[in-house]
Structure formats: C-alpha cells, structure tokens
Amino acid sequence: MAQVVMKDLNKKYDEVHAVKDVNLHVRDKEFIVLVGPSGCGKSTTLRMVAGLEEITAGEIAIGDRVVNDLPPKDRDIAMVFQNYALYPHMTVYDNMAFGLKMRKFPKAEILKRVQDAAEILGIQELLKRKPRQLSGGQRQRVAVGRAIVRHPQVFLFDEPLSNLDAKLRVQMRVELKRLHDRLETTAIYVTHDQVEAMTLGDRVVVMKDGWVQQVGEPLELYGRPSNRFVAGFIGSPAMNFVDVGISEANGAVWIETQGLRLKAAADRTDRLRPYKGQKVTLGIRPEDIRLASGSDTPDRTFESVVEVVEPLGSEILLDMKIASAQMVARVEPTVRVKVHEPIKMAINTDRLHFFDLKSEAAI
Amino acid sequence: MAKTTFPHWLWNTFFIAVFSTIISLFCGLLAGYALGRLKFPMAGTLGTSIFVTYLVPPTLLFIPLANIIRTFQLGDTPWALILTYPTFLIPFCTWLLMGYFKTIPKELEECARIDGATRFGAMVRIIFPIAVPGILSAGIFAFTLSWNEFIYALVFLSSPEKKTVPVGVVSELIRGDIYFWGQLMAGALLGSIPVALVYSFFVEYYVTGLTGSVKG
Ligand SMILES: Nc1ncnc2c1ncn2[C@@H]1O[C@H](COP(=O)(O)OP(=O)(O)O)[C@@H](O)[C@H]1O
Ligand SMILES: [Mg+2]
C-alpha cells in the first residue's frame, strides 16, 4: 500500500511525444483510472510506472522511493495486461506462484497465498490446468490472481477487460471493484471506455494527446468538465454542442443562435457577460432536454423536429434537428413522439455548459 | 575397405553434426533473441544482413576458409568442420529463431520481469521454454544441413578414415569410372537413416515450430 506520485512526467519516442508533463498524485488505497481515446498516452504512462519504459524526463515515486532507476522487479508492483500474458507452458498454479517463487517465498507460504487468491476469485478447480484450457473470463481471473498473490504496493491494470464480451465485462467490473474494496491496495487502471472509468474510479484522469485534461471524481467530471474535450468524452450519449452568440438585454444574458434563444441562469450571467457580442460553444447534456410542458416559459424552450427515435427500454433517445444544429435528448421511456413532426422541447437552463470557442476551456 | 571405414564415417558425421549444431544453436539462440526482442538501433538491418550471409555460397568461401584452417593447423581433423559449419548454420538458426521469438507476445516477458525475474531470467524461464518447438526445428535443420554438407567436408578432410558419410561414399566407392553400386547404395541408405530418425522423432514439434506461435 502506497501512494504514487508523478512529477512532470514526459515520454518521447523518436517521433512521438507520447506523454507530456503529467503531474499526478495517486493517494494511498485509491483506485485511479486513466481514460482517453486510443493513442493518448495512457499505456505509456502506466508502463513508466511499471518500469517497462524508460522515463524521458520527470520523476515517479512509489511510496517514499523514487523509482526512476529501479528495474520492474524491485518496484513492488503487479500488472494485469489486456491479453492476460499468462505463461502458456505453466499450470494456473505455477502461473500464480511464479512471482512468489522468484522472490524465494517458502513453499508453504506460496501454497497458502495461491489458494487464498484462488478462493477469492473462484478458480480453485482450475489450478492444475494450462492457460489454453481456460475460457477468456477464467484467464482474466487467473491474471488477476497472479497479481494479488504477491500483495504488491500498487496494482497496474492495462485495459484488462477489453478482451471480454460485454456481459462478462460488466460482471468483472463489479468484481474488480469489490476486490479493491477488500484488498485496499492502490490501483492505477487504464481504459479507453469512459463507462468503465466512471464506475471503477475513485478518481478519473482524462487524457488526450499526452496531456492530462482533468483529474476528478466521476461526478465532478460529469457535472463540471473543465473543457470541451472532457465534456464530450465523458457521458453517453455525448453532450450536445452548439455555437451560440451572447447578448445582453433587459438585465439578462441571452444565448442565441438560429432557432434557439435561451435566457442564461442567474448564476452564469457574470461569467458570460465578458463574452457579450462574441460566440461561445454551448454544451447541453441529453438528459437536460425534455418535452416542454405548459409551465415552461419561452426563454427556455425551442422548436425542433424529431428525426430518429431510439427506444432503449429504460430511456428513449431522440435525435432532433433544430434550425442550426443536431441534438440528442434523453427522455422518459413513457414519452411517445411522432417522427418528422414539429415538437416543442425545453432545456434545463441552470445546467448548461459553456466553453470558450478558441481555448475550449469551460467558462 | 568400405566395410571397415563406414562406421568411422558414420561416427565422424554424427560427431561433427552434433557439435556444430550445439554451437550454432547456442549462438543462434542468443543472437535471435537479441534481434527479435531487444530494441536497439539498426536491429532490422542487422537481422537482414545476417540472413544475407547465409546466402553466400560455400563454393565462394571454401578457399579463404581453407587458408584459415591451415593457419590454425586444423586440416584433416573434425574441428575443421565443427568450426566452419557454423558459418552458415549460425545465420540460419538466428534467422529462424528470430522469427519465432517475434511471435511470442512481449507482455509475457514484461510480466515475468514485474513478477521478479531479471531480463536474463525472463529469457531463460519464460521465453526459451515457450520457444522449444522453434529451437528444436532449428536444431533439426542445422543437424541435417551439417550431416549432408559436402564441399567443406571434401576440401578439409583427406584421410579416408576421417571422412564424413556423404564425402566418403562418393570418394571411396567410386574409383575412376568404376561404380561399386552395391556399396554405394547401401552407404547412401545407411547414411540417411539417422536423419530420417531425427525427423520422425521430432516431427510434431518440428511442424509447430515452422507454423506456429503461442496462443496465450
Ligand atoms: N514503442 C513505441 N515506439 C514508438 N511510439 C510508440 C511506442 N509505444 C507507443 N507509442 C506511441 O505513443 C503514443 C501513446 O501510445 P499509448 O500510450 O500506447 O496510447 P494508449 O493511450 O492508447 O494506451 C501513440 O501515439 C503511440 O503510437
Ligand atoms: Mg493502451
């Protein structure tokens, strides 16, 4: 159990600057998730913590030790890979015992630890098998078991669930979370799946092009994204973006574009006022758009045409067209609407997001 | 005369083939690992140039090699062949093993290094055991190549009792234009039996070695 501190971490390959000035403090016992699109430098960051990639610049400390120059075996970490990386010529037992054998643990202790781990993961019956005789889910468990027998200071996961089918993935996700609650070991988890990130992470780190975009608790990222990229990346279906003009009239700030004229909520007016006469990007979460009712005033409603209805069972997604843009709304499963007919929608104007057009930072 | 020296030839050939195979396999294993698994500048170019050396024909090399053999006074001893066969066997083994190592996922080795092995330890405990089919194929091939080798054996060995089977059969059982057909055929057959045995014994590994990678 230990904290992990990354200071001004950089990684350059010959042509690619894969990781740029990453500063991150992973707290003791924390489950932190690195998430971002493919190629954004998540794996590279993780592999630098593991000692599998050289650090170009910066510093990594695990516990109180700076580990920059330590080989992987001396860092007291365990890693689970996307393809599981089980040793094909060894039985499940030997796979799990390998790390302990290398560290010269006594036989009895190895046996006990492997059996404990096998019990936690429900793989006692598989101990004598070879990896090729296992299903994907079972291999996954063995890979996790191999990591936990060592009682390392930090767990590293690189997309461990990506090779499983959807149903198994959800199940393993829950199990991993439960396992972390039980073992209380610091964990760094890499994934490109934002749902996985949100459900597993105590905190989530969103990365793009080697830069850290935002670090925060899942709901913080969802509710207060610090820039347009995070806003669009977190949440499914994604946030709707429309470029709008800002104006002031009758003591209120107005958000306008063709087919849309909304009054900004009172707590946003101060921040929006400097943008008067300019354009900003408006972000609306799909669940903040609903069917208008009689009590909705015109300064929060707009006319649109529903083009596609996606009934998902627990909710319905409406793909709508307004004069200037395309938007998705997430509405109650009881709502019935007709396609291709005009419909009046309302927006929760106190939940809108605004982003600077150039810097894309949240306003 | 054939009756008395044939066992010698068989033994010579076997002795030479085994030793040159062991030397070549050892060097090929390390070189193949380095070229296939380690990241260093020009690794690709080096790999290709090693393959190219394999393509240089022995007929071109035997004169300079004969010089070297004479300098070290190894002429007419088995060592002349044990030390010259690796000139084509090492590139061959390196190339074959390099290809095999590349099919083994690098995560296996990385995982072993995190699990507590050094780079060398991971190579010996994880990569080599997984590469056994490839190593066996390289070994069988190397053994066969040296068993059948003709030019170097013809040039570097002269005493009848020191010859290898392919050379002995041809040079001792053909006198001018007289062919001792019976002995010739018998010698050729007997000479090919060990190779056939080796093949059939390892055929299973041998096929996976040529076709196969490891599925995790
Ligand atoms: N060994 C390597 N050599 C050169 N470039 C690499 C290497 N590994 C990764 N990269 C590059 O670094 C960037 C980040 O890669 P990676 O960390 O694997 O991304 P991801 O976030 O998908 O895990 C990518 O542009 C990738 O092409
Ligand atoms: Mg990756």
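Residues numbered from 1 in each chain as written. Chains lettered and ligands numbered in written order. Predicted model: local features only at pLDDT ≥ 70, side-chain atom pairs only at ≥ 80, totals over all residues. Heavy atoms only, no water.

**Thoughts on the sheet that holds strand β14 (residues 279-284) of chain A**
Residue and element names in this part refer to chain A. Applied cut-off: By definition, two strands form a pair when at least two bridges between them are found by DSSP. Starting at the N terminus, helices and strands are each numbered in turn, a helix being any DSSP run of H or I of at least four residues and a strand any DSSP run of E of at least two. Orientation is described by lines fitted to C-alpha atoms, with helices fitted over the stretch in contact, and by angles between N-to-C directions that extend from 0 to 180 degrees.
Spatial ordering of the open sheet is given by β13-β12-β11-β14-β20, a layout of 5 strands whose pairing is antiparallel. The open sheet is flanked by β13 (260-263) and β20 (353-356), the only strands paired with a single partner. Strand-to-strand twist in this sheet, taken as the mean axis angle between neighbours without regard to direction, amounts to 40 degrees. Inspection of the sheet shows strand β11 (residues 240-249) paired to β14 by 6 bridges, in the antiparallel sense.

**Here we look at the packing of aromatic side chains**
For clarity, the threshold we go by: Between 30 and 60 degrees the pair is tilted, below 30 it is stacked and above 60 it is edge-to-face, where a pair is any two Phe, Tyr or Trp rings, Trp via its six-membered ring, whose centres lie within 6.5 Å. Residue exposure (1.4 Å probe, protein chains only): buried if accessible area is under 20% of the type maximum, exposed if over 50%, otherwise partly exposed. Distance and angle both matter: a charge sits over a ring if NZ of Lys or CZ of Arg is within 6 Å of the ring centre and within 35 degrees of the ring normal.
Taken as a whole and assessed by the stated rule, the structure comprises 27 aromatic pairs over all chains. Plain terms: the ring middles of Tyr-33 of chain B and Phe-128 of chain B are 6.4 Å apart, the flat faces sit at 85 degrees to each other, and that makes the pair edge-to-face. Taken together, the residues Tyr-33 of chain B in helix α1 (residues 2-37) and Phe-128 of chain B in helix α7 (residues 119-130) connect sequence positions 95 residues apart. Per residue, the accessibility class of Tyr-33 of chain B equals that of Phe-128 of chain B, and both read buried. On the numbers, 5.2 Å between centres and 15 degrees between planes, the contact of Tyr-179 of chain B with Trp-181 of chain B is stacked. The class of Tyr-179 of chain B is partly exposed, set by a relative accessible area of 41%. In textbook terms, an aromatic cluster arises when at least three aromatic residues are bridged by ring pairs, as seen for Trp-11, Phe-14, Phe-15, Phe-19, Trp-79, Phe-143 and Trp-147 of chain B. The ring of Trp-254 of chain A carries the charged tip of Arg-261 of chain A above its face, separated from the ring centre by 4.1 Å.

**Notes on the pairing of β11 of chain A**
Residue and element names in this part refer to chain A. Two strands pair when backbone bridges link them, and β11 and strand β12 (residues 252-257) are joined in this way by 5 bridges, in the antiparallel orientation. Bridging across to β12, Ser-247 finds its partner in Trp-254. Linking β11 to β12, which pair antiparallel, is a turn of 2 residues; within it Asn-250 sits at a positive phi near 55 degrees.

**Things to note about the interface of chain B and chain A**
Convention followed: Any two residues whose heavy atoms approach within 4.5 Å are treated as being in contact. Defined here as a combined quantity, buried area equals the accessible surface (1.4 Å probe) lost by two parts on assembly, summed across both. In the sections that follow, a salt bridge refers to a side-chain nitrogen of Lys or Arg positioned within 4 Å of a carboxyl oxygen of Asp or Glu. Two N or O atoms count as a polar contact when they lie within 3.5 Å, although within protein this holds only if one can serve as hydrogen donor and the other as acceptor, and sequence-adjacent residues are included solely when both atoms are side-chain atoms.
Counting residues at the interface gives 21 residues for chain B and 26 residues for chain A. Interface area for chain B against chain A, summed over the two sides, is near 2,000 Å², with a carbon-plus-sulfur share of 64%. Applying the counting criterion to the chain B and chain A interface returns 2 salt bridges. Between Arg-47 of chain A and Glu-110 of chain B there is a salt bridge, with the nearest N and O atoms lying 2.8 Å from each other. Remark: the boundary between chain B and chain A carries 8 residue pairs in polar contact (both at pLDDT 80 or more). Those elements that place two or more of their residues in the side of chain B that touches chain A are α6 (106-115) and α7 of chain B. By residue number, the principal contributor to the side of chain B that touches chain A is α6 of chain B, which donates 9 residues.

**Topic: the confidence of the model for chain A**
Put simply, the rule reads: Per-residue confidence from the predictor is given as pLDDT, running between 0 and 100.
The predicted model of chain A averages 92 in pLDDT, with 100% of residues at 70 or higher. When pLDDT is averaged over each helix and strand of chain A, the minimum, 88, is found for helix α9 (residues 269-272) of chain A and the maximum, 96, for strand β3 (residues 31-35) of chain A.

**Here's the deal with a nonpolar patch on the surface**
Residue and element names in this part refer to chain B. As a reminder, the rule being used: What makes a patch is a set of residues exposed beyond 30% relative accessible area and free of salt bridges, joined within 9 Å when like-charged and within 5 Å when nonpolar (Val, Leu, Ile, Met, Phe, Trp, Tyr). Residue burial considers only the protein chains on display, and all accessible areas are found by Shrake-Rupley using a 1.4 Å probe.
Together, Phe-150, Leu-154, Val-155 and Val-170 line one region of the surface with nonpolar side chains, adding up to about 290 Å² of accessible area. For Phe-150, the location among the structural elements is in the loop between α8 (132-148) and α9 (151-156). Since its relative accessible area comes to 32%, Phe-150 is described here as partly exposed.

**With respect to the environment of Leu-157 of chain B**
Residues and elements named next belong to chain B. Structurally, Leu-157 can be placed in the loop between α9 and α10 (165-172). The class for Leu-157 is buried, based on a relative accessible area of 3%. The sequence separation of Leu-157 and Leu-74 amounts to 83 residues, and the corresponding C-alpha distance is 9.6 Å. For Leu-157, the contacting residues outside a window of four places in its chain are Asp-76, Thr-77, Leu-81, Tyr-152, Lys-162, Lys-163 and Thr-164.

**Notes on the layout of surface pockets**
Rolled over the atoms, a probe sized like a water molecule indicates the empty space that remains. As a reminder, the rule being used: Buriedness for pockets is judged along seven lines, at least five of which must meet protein on both sides within 12 Å for an open set on the 1 Å grid over protein atoms alone, while cavities are sets there where a 1.4 Å probe fits but cannot get out, and lining residues have an atom within 4 Å of a point. Grid points are joined across faces, edges and corners, and a volume is the space filled by probe spheres set on the points. Note that Gly is not counted as nonpolar here; it falls among the polar residues with everything else outside the nonpolar set of Ala, Val, Leu, Ile, Met, Phe, Trp, Tyr, Cys and Pro and the charged set of Asp, Glu, Lys and Arg.
Counted as a void, the largest pocket has a volume near 610 Å³. The wall of the largest pocket is formed by 25 residues, among which Gly-51, Leu-52 and Glu-53 of chain A together with Arg-113 and Arg-119 of chain B lie closest to the centre. The leading source of residues in the lining of the largest pocket is α6 of chain B, at 4 residues. Its residues assigned to classes, the lining of the largest pocket comprises 7 nonpolar, 4 polar and 14 charged.

**Remarks on the site of ligand 1**
Residues and elements named next belong to chain A. For clarity, the threshold we go by: Near, as used in this document, describes a residue that has one of its heavy atoms within 4 Å of the molecule or strand being considered.
All residues adjacent to ligand 1 are Tyr-13, Val-16, Ala-18, Ser-38, Gly-39, Cys-40, Gly-41, Lys-42, Ser-43 and Thr-44. A distance of 3.0 Å separates an oxygen atom of ligand 1 from a polar atom in the backbone of Gly-41. The side chain of Thr-44 places a nitrogen or oxygen atom 2.5 Å from an oxygen atom of ligand 1. Per element, the largest residue contribution to the shell around ligand 1 is 3 residues, and it comes from helix α1 (residues 42-50).

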